[in-house]
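Breakdown of the fold
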Amino acid sequence: GDDYSMFLRYTLKDAIFASFTMPTKDGSDKANIGLGYSFAVWNNLYFEPSYNLPIKEDAVTGKREGDFKFGLGFRF
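The paragraphs below set out a description of the structure included in this document. Worth saying up front: this structure is predicted, and the values here are computed from it rather than measured.

1. Side note on the layout of surface pockets
- Estimates place the volume of the largest pocket at around 290 Å³.
- If you go around the largest pocket, you meet 18 residues; those closest to its centre are Phe 7, Ser 19, Ser 50, Asn 52 and Lys 69.
- Broken down by secondary-structure element, the contributors of at least two residues to the lining of the largest pocket are strand E1 (5–13), strand E2 (16–23), strand E5 (45–54) and strand E6 (67–74).
- Across the lining of the largest pocket, the residue classes break down as six nonpolar, seven polar and five charged.
- As a volume, the second largest pocket reaches approximately 220 Å³.
- Considering only residue class, the lining of the second largest pocket consists of three nonpolar, one polar and eight charged.

2. A closer look at unusual backbone geometry
- Positive phi is not limited to glycine here, since Asp 14 has a value of about 50 degrees.
- One can find Asp 14 in the loop between E1 and E2.
- Phi is positive for Asn 43, which is not a glycine, with a value near 45 degrees.
- The topology assignment puts Asn 43 in the loop between strand E4 (39–42) and E5.

3. Focus on the pattern of salt bridges
- Here the structure, examined in full by the defined rule, presents two salt bridges.
- Salt-bridge contacts for Glu 48 lead to Arg 9; the nearest nitrogen and oxygen are separated by 3.0 Å. Separated by 39 residues along the polypeptide, Glu 48 in strand E5 and Arg 9 in strand E1 bring together distant segments of the chain.
- Its salt-bridge partner being Glu 48, residue Arg 75 comes within 3.8 Å of it at the nearest N-O pair. Of this pair, Arg 75 sits in the segment after E6 while Glu 48 sits in strand E5; the two residues are 27 residues apart in sequence, bridging distant segments of the chain.

The rules we used
Residues numbered from 1 in each chain as written. Predicted model: local features only at pLDDT ≥ 70, side-chain atom pairs only at ≥ 80, totals over all residues. Heavy atoms only, no water. 1 Å grid on protein atoms, 1.4 Å probe; cavity = no way out; pocket = protein on both sides within 12 Å on 5 of 7 lines; lining within 4 Å. Points joined across faces, edges and corners; volume = space filled by probe spheres on them. Helix = DSSP H or I, 4+ residues; strand = E, 2+ residues; numbered from the N terminus. Nonpolar A, V, L, I, M, F, W, Y, C, P; charged D, E, K, R; others polar. Salt bridge = Lys/Arg side-chain N within 4 Å of Asp/Glu carboxyl O.

Take a look at the structure:
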């Protein structure tokens, strides 16, 4: 079926941001929070590394393992 995700991003200070992601299916069980930083690369192009951590523990392993993500952003 159809599965969408909700994404929120809030700038904490200058280039530091907090993020929240949650899928529409099993949302509260698979929600993530994260922190990231925006590095200006060229004009309006930004390199944005971030670290995301699940809010709840994994049901099978009982662990909360986060992951690093890298993104590119273009600001209009």
